[in-house]
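Remarks on the overall topology
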Amino acid sequence: MKVSLFVTCLVDQLFPEVGLSAVRVLERAGCQVHFDRRQSCCGQPAFNSGYPRQARRVAEHFLDVFGQAPCIVTPSGSCAAMIKHHLPGLFAPHSDERRRAQSIASKTWEFSQFLVDKLGVSHLDTEFPHPVTYHDSCHLLRELGVSEAPRRLIRSLKGIDFREMKDSQRCCGFGGTFSVKFQDVSAAVGLDKIEAIRETGAAYVVACDISCLMHLQGLLRRRKVNVRILHLAQLLDDRRRTP
């Protein structure tokens, strides 16, 4: 199956290893992965910050890049939610841009959802004999309704010790520009999550959004909590390099 990878801004600029892992996992699942170098942002930061006109300009480029893609996969619940639920609304009703955005929305998948619900992957032949916990990122859970798919993939790994954390569905406190505008609130919410992670005794915390993991990584380091972050794609990648 041919798929186009939308790698997201944070992966491209700060965590390229997540994108590489996503490609390898998709290829192991039988996909032919295409990466269009023209891609940039989906417009989510501007949209969430209350700048729809600027978001629309970015979205227009997104339509040009991915308009002909047969299937779009992204390792981010928040970006997938933006594309599927908000991108069409940036354009006028009955416009050509609205129709193109709706078409793109219908063929966009978050990484774990694509593997489980589209490809029917129940397990990957990967070994990870370590205690792991999982954080539900807000957009993935609340806008896309994805909860079981990543857990099914995690549990399928050989030797893994999966430990559910208390209140796994609670926000980590990042929220994009929220963490910049409301630093104290963001950190306080994040520290509650850090405590929940610590209580599991897990060595790794896994999520499907690198934005959440970036936020948690900073808090873990500041609190000197010896827990490492892994995006789900890295966890499933048998050639990954654990951080």
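Right, let's walk through the structure included here.

Thresholds applied
Residues numbered from 1 in each chain as written. Predicted model: local features only at pLDDT ≥ 70, side-chain atom pairs only at ≥ 80, totals over all residues. Heavy atoms only, no water. Core = buried A, V, L, I, M, F, W, Y, C linked by side-chain atoms within 4.5 Å. Buried < 20%, exposed > 50% of the residue type's maximum accessible area, 1.4 Å probe, protein only. Helix = DSSP H or I, 4+ residues; strand = E, 2+ residues; numbered from the N terminus. Contact = heavy atoms within 4.5 Å. Pairing = 2+ DSSP bridges. Axes fitted to C-alpha atoms, helices over the stretch in contact; angles between N-to-C directions. Parallel < 35°, antiparallel > 145°, perpendicular 65-115°, else oblique. Nonpolar A, V, L, I, M, F, W, Y, C, P; charged D, E, K, R; others polar.

With that out of the way, let us pick up the nonpolar core. Nonpolar side chains tend toward joint burial in soluble globular proteins. Counting 59 residues, the largest nonpolar core has Leu-26, Phe-111, Ile-154, Leu-232, Leu-235 and Leu-236 as the members making the most contacts within it. Per element, the largest residue contribution to this core is 6 residues, and it comes from helix H12 (residues 210-222). Here Phe-111 is in contact with Ala-22, Val-25, Leu-26, Val-73, Thr-74, Pro-75, Leu-232, Ala-233 and Leu-236, once residues within four sequence places are set aside. Among the nonpolar cores identified, the runner-up in size contains 18 residues, and Phe-6, Cys-42, Ala-55 and Ile-104 belong to it.

What follows is about the pairing of strand S5 (residues 131-134). In regular strands, side chains alternate between the two faces of the sheet. Relative to strand S6 (residues 161-162), S5 runs parallel, the two sharing 2 bridges. Following the sheet pairing, Val-132 is matched in S6 by Phe-162. Summarising the sheet, S5 and strand S7 (residues 204-207) pair through 3 bridges and their orientation is parallel. Its bridge partner lying in S7, Thr-133 is registered against Val-205.

Two elements in contact, helix H11 (residues 183-200) and H12, have axes separated by 10 Å at closest approach and are oriented at 75°. In this view, H11 runs roughly perpendicular relative to H12, as classed from their interaxial angle. Residues Ser-186, Ala-187, Gly-190, Leu-191, Lys-193, Ile-194 and Ile-197 of H11 lie in contact with H12, whose contacting residues are His-215, Leu-216, Leu-219 and Leu-220. Grouping the amino acids of the contact of H11 with H12 by side-chain chemistry returns 7 nonpolar, 3 polar and 1 charged.

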